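In case you want the letters, here they are:
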Amino acid sequence: MLSQLFTQNIAVIEKVQVTFEKGLNVFTGETGAGKSIVIDAINAVLGNRTSRELVRTGAPKALVTALFEEIGDETKEQLLSLGFEPEEDGSLLLSREISSDGKTSCKIGGRPATVSILREVAQSLINIHGQHDSQSLLQPEQHLGYIDQFGKTAALLKEYRLEYAYYAELQRKLHQLRTDEREKAQRMDLLSYQINEISAAALLPGEEEDLQTAKKKMQNSAKIVEALHVTHDLLQGAEESDGILSMLDQAQEQIQILEAYYPQLKSDRILDIRYELEEVEETLRDALSDAEMDPAELDRIEERLDLIFRLKRKYGGSVEEILNFADQAQQELDSITHAEELQSKLEKEESQSKERLMGLAKRLSEKRKAAAQLFEKQVCAELAFLDMPSVRFFVHSETDKPDETGVDRMEFYISTNPGEPPKPIGKIASGGELSRIMLSLKNVIAEGDRVGTLIFDEVDTGVSGRAAQKIGRKLKQASSGRQIICVTHLAQVAAFADTHLLIAKTVQDGRTFTTVQALPQEERVRELARIMGGESITPTVLASARELILQAKENENGR
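Because the structure is a prediction, the values reported are computed rather than measured.

What counts and how
- Residues numbered from 1 in each chain as written.
- Predicted model: local features only at pLDDT ≥ 70, side-chain atom pairs only at ≥ 80, totals over all residues.
- Heavy atoms only, no water.
- Helix = DSSP H or I, 4+ residues; strand = E, 2+ residues; numbered from the N terminus.
- Rg over C-alpha atoms; globule rule 2.2 N^0.38 Å.
- Areas by Shrake-Rupley, 256 points an atom, 1.4 Å probe, with all protein chains shown as cover.
- Lys, Arg positive; Asp, Glu negative; His and termini not counted.
- Charge placed at Lys NZ, Arg CZ, Asp CG, Glu CD.
- Contact = heavy atoms within 4.5 Å.
- Salt bridge = Lys/Arg side-chain N within 4 Å of Asp/Glu carboxyl O.
- Pairing = 2+ DSSP bridges.
- Axes fitted to C-alpha atoms, helices over the stretch in contact; angles between N-to-C directions.
- Buried < 20%, exposed > 50% of the residue type's maximum accessible area, 1.4 Å probe, protein only.
- Patch = residues over 30% accessible without salt bridge, like charges linked within 9 Å, V, L, I, M, F, W, Y side chains within 5 Å.
- 1 Å grid on protein atoms, 1.4 Å probe; cavity = no way out; pocket = protein on both sides within 12 Å on 5 of 7 lines; lining within 4 Å.
- Points joined across faces, edges and corners; volume = space filled by probe spheres on them.
- Nonpolar A, V, L, I, M, F, W, Y, C, P; charged D, E, K, R; others polar.
- Parallel < 35°, antiparallel > 145°, perpendicular 65-115°, else oblique.
- Polar contact = N/O pair within 3.5 Å; in protein donor to acceptor, adjacent residues only side chain to side chain.
- Phe/Tyr/Trp six-rings, centres within 6.5 Å; stacked < 30°, edge-to-face > 60°.
- Core = buried A, V, L, I, M, F, W, Y, C linked by side-chain atoms within 4.5 Å.

I would appreciate a short explanation of the overall build of the protein chain in the present structure.
Per the secondary structure count, the protein chain includes 19 helices and 17 strands. Taken over the C-alpha trace, the protein chain has a radius of gyration of 42 Å; the compact-globule value for 559 residues is 24 Å, which it surpasses by more than 25%. Here the C-alpha coordinates of the protein chain stretch approximately 135 × 80 × 45 Å along the principal axes. Of the roughly 30,900 Å² of accessible surface on the protein chain, a fraction of 49% belongs to carbon and sulfur atoms. The average position of the 68 basic charges and that of the 93 acidic charges among the side chains of the protein chain differ by 13 Å.

Which parts of the structure should I look at to understand the side chain of Thr-65?
Looking at the secondary structure, you find Thr-65 in strand S4 (residues 61-68). For Thr-65, the residues in contact, after removing those within four places along its chain, are Gln-4, Leu-5, Phe-6, Val-45, Leu-93, Leu-94 and Ser-95.

So what exactly am I meant to see when it comes to the pattern of salt bridges here?
Opposite charge on two side chains makes pairing possible when the charged atoms of those side chains draw close. Taken as a whole and assessed by the stated rule, the structure comprises 19 salt bridges. Ionic pairing is found between Glu-332 and Arg-187, a salt bridge with its closest N-O pair at 2.8 Å. Residue Glu-332 is found in helix H12 (residues 319-337), and its partner Arg-187 is found in helix H6 (residues 181-201); the two are separated by 145 residues along the sequence. Residue Lys-476 is joined to Asp-498 by a salt bridge in which the shortest nitrogen-to-oxygen separation is 2.2 Å.

Even after reading the chapter, I still don't get the sheet that holds strand S11 (residues 392-403), so can you show me in this structure?
Whether parallel or antiparallel, the strands of a sheet pair through hydrogen bonds between backbone atoms. If you walk across this open sheet you meet the 3 strands as S11-S12-S13, and the pairing is antiparallel. Only two strands of the sheet have a single partner each, and these edge strands are S11 and strand S13 (423-424). Strand direction decides the pairing type here: S11 and strand S12 (residues 406-415), joined by 9 bridges, are antiparallel. Among the inter-strand pairings, Arg-392 is bridged to a residue of S12, identified as Ser-415. Strands S11 and S12 of the sheet are contacted by helix H4 (residues 143-151), whose axis makes an angle of about 100° with S12.

What is the right way to read H4 from this model?
Note: α-helices contain 3.6 residues per turn, so residues at a spacing of three or four share the same orientation. Most of H4 is tucked away, with 7 of its 9 residues classed as buried. All buried positions along H4 are accounted for by His-143, Leu-144, Tyr-146, Ile-147, Asp-148, Phe-150 and Gly-151. Residue Lys-152 follows H4 closely and has a positive phi angle near 50°.

Would you mind showing me how to read a negative patch on the surface here?
A cluster of acidic residues, Asp-268, Asp-272, Glu-276, Glu-279, Glu-282 and Asp-286, forms a negative patch on the protein surface. Mapping Glu-279 onto the fold places it in helix H10 (residues 267-290). The exposure class of Glu-279 is exposed, given its relative accessible area of 55%.

Before we go on, may I ask you to explain the layout of surface pockets in this structure?
Leftover empty space is mapped by rolling, across the atoms, a probe with the size of a water molecule. Computed from the structure, the largest pocket encloses a volume of approximately 880 Å³. Taken together, 30 residues line the largest pocket, and the ones lying closest to its centre are Gly-145, Asp-148, Gln-149, Thr-153 and Ala-154. A per-class count over the lining of the largest pocket returns 6 nonpolar, 10 polar and 14 charged.

Would you take a moment to explain the sheet that holds strand S17 (residues 511-518) for this structure?
Pairing within the open sheet is mixed, and its 6 strands lie in the order S8-S14-S15-S3-S16-S17. Two strands bound the open sheet, and with one partner strand each, they are strand S8 (126-129) and S17. The sheet shows a mean angle of 15° between the axes of neighbouring strands, taken without regard to direction. As paired elements, strand S14 (residues 453-457) and strand S15 (residues 483-487) share 5 bridges and run parallel to each other. Pairing of Asp-457 across the sheet is with Val-487, part of S15.

Would you explain empty space enclosed by the protein in this entry?
A full pass over the atoms with the stated rule returns 1 cavity of 30 Å³ or more. Approximately 40 Å³ is the volume attributed to the largest cavity. What lines the largest cavity is Asn-127, His-129, Lys-442, Ala-446, Leu-454, Ile-455 and Phe-456. Elements that contribute at least two residues to the lining of the largest cavity include exactly S8, helix H15 (431-447) and S14. The element contributing the most residues to the lining of the largest cavity is S14, with 3 residues. When the residues that make up the lining of the largest cavity are grouped by side-chain class, the tally is 4 nonpolar, 2 polar and 1 charged.

Please clarify how a nonpolar patch on the surface should be interpreted in this entry.
Judged by side-chain polarity, Ile-257, Leu-258, Tyr-261, Tyr-262 and Leu-265 come together as a nonpolar surface patch covering roughly 510 Å² of accessible area. The class of Tyr-262 is partly exposed, set by a relative accessible area of 44%.

Just to check I follow, could you spell out the packing of H4 against helix H13 (residues 339-385) for this structure?
Helices that pack against each other are described as a pair by the angle of their axes relative to one another and the distance between those axes. One way to put it is that H4 packs onto H13 with a least axis distance of 9 Å and a crossing angle of 95°. As summarised for this structure, H4 and H13 are arranged roughly perpendicular, according to the angle between their axes. Along its contact with H4, which presents Leu-144, Ile-147, Asp-148, Phe-150 and Gly-151, the element H13 presents Lys-367, Arg-368, Ala-371, Ala-372, Leu-374, Phe-375 and Gln-378.

Before we go on, may I ask you to explain the environment of Gln-483 in this structure?
Tracing the backbone through its elements, the reader meets Gln-483 in strand S15. Separated by 28 residues in the primary sequence, Gln-483 and Ile-455 have C-alpha atoms spaced 8.5 Å apart. Within the local environment of Gln-483, its side chain forms a polar contact with the backbone oxygen of Glu-21, the two atoms lying 2.9 Å apart.

Before we go on, may I ask you to explain the packing of aromatic side chains in this structure?
Two measures describe an aromatic ring pair: the distance that separates the ring centres and the angle between the ring planes. Under the definition given, this model contains 8 aromatic pairs. Here the aromatic rings of Phe-150 and Phe-375 are separated by 5.1 Å at their centres, their planes lie at 55°, and the arrangement is tilted. You can see Phe-150 sitting in helix H4 and its partner Phe-375 sitting in helix H13, a full 225 residues away along the chain. Of the two residues, Phe-150 and Phe-375, both sit in the buried class.

Help me out: how do you make sense of the nonpolar core in this one?
Most often, soluble globular proteins keep nonpolar side chains buried together rather than apart. If you look at the biggest cluster of nonpolar residues, it comprises 46 residues, and the most contacted ones within it are Phe-27, Ile-42, Phe-68, Leu-92, Ile-108 and Ile-126. Top element by residues in this core is helix H1 (residues 35-45). It accounts for 7 residues. Excluding anything up to four places from it in sequence, Phe-27 contacts Val-18, Phe-20, Lys-35, Val-38, Ile-485, Cys-486, Val-487, Thr-488, Leu-501, Ile-503 and Val-516. Ranked by size, the runner-up nonpolar core spans 33 residues in total, among them Leu-439, Ala-446, Val-459 and Ala-552.

Right, here's the structure in full:
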């Protein structure tokens, strides 16, 4: 369960710590006091989408931490699978920091985590029903999800979706193969021409760079030959002068004489240098023999470079890209050439995939229909308790061609009066009825869940009187097996609270501040009286508030 929530610099909340207890925790407060902001803070620490607008004006960042106690085995296993160690005492601390520039950071048990991991862990901790959730009842495409959640079809649905994705890909490939024969023939002609043109060029990887180097060398051959001759003459010598090699021989002879008097002089060192220079001289001699320019060779190089340039304009920015283009074109040509063989193979695979797909769809459909029957009965029982005994709830089911959800199309229908035919829920249900129907759905689904905390954000919108009292009683009953946190504006619901939390706002020095405090008994009475009577809190209204709390206690004891 959620034990503590610490919120700092979230909208109008500067710093608030809220302690939750087991059972039914109820938030009340005047409109605009910040009840929705507390829910926004909880959503943020659970990894849901948020924005920098949530950060209090003027603050560099916002922080939300949530301490959970007595976490279940499912959460512990999930933490371990994600690489996080649960605390030995069964507690878990989640935190999220949101900067004013929109950046966010998350931690699980003090260790850094991603938002997606935080959201994944939170799914087994808290289930939130917000005001907007009732609107999903007006969207028939959302109804199948409730049946899947109730019927626990997730594993089977995942298997079906994998097969459906494979089947859809086979259909896409077959459609591509079955395109117009004339179009395929034109494509084959184009591919053959492109492949032959590139093949005839006999390109080699790195060829363009080698040709550019050779061209540059040939264009500068005169300068190169002159430099080679000068360097060679310096080493080997010319007709009227000795070269470096000859002078080194003379130097070695003289050092050999001096070695007897100067041991530090080594003639071998001169000899080593001479050997190295001899190798250089040989290299120069070889280069001179190859340095003569052949004009025909230069023409051949330029023609080759021109061919590469023209091919690059068509097929890619380099020789490597041109060759890759040819490979891909050949693969496409092969696939078209062998299309009949491939088509036959794919048709066989498609048939087998469809058989598997429809088998999974049938199993999924049977499981959904069985779940829908039980779902109808349980929702009707919940509605009867919530003062809607005449409303009958139905799950209308049809079979359609397969898509990623299966072959089932399910929509919620209701009949509001005996003898009236059922109609789509969105066409005849009022706002108050939608709230109670949604509460019924949530209660039915929650009975099979192991989530420790349920949060209801103004689930009582559009109801009053006896129906409101029934909602309060239902929330109280649901809290016997798990923690319930409820934001309400009805005294009849708040009267059932085990822990009553008041959200209030004040203005100091032109800034708005929100506070949250747990109310003792007498303060609870005054808050209920405020909700019931507005600004005028008379002794009669106070007495009515006390009576409401007493009735809630009696209903609880008599359940």
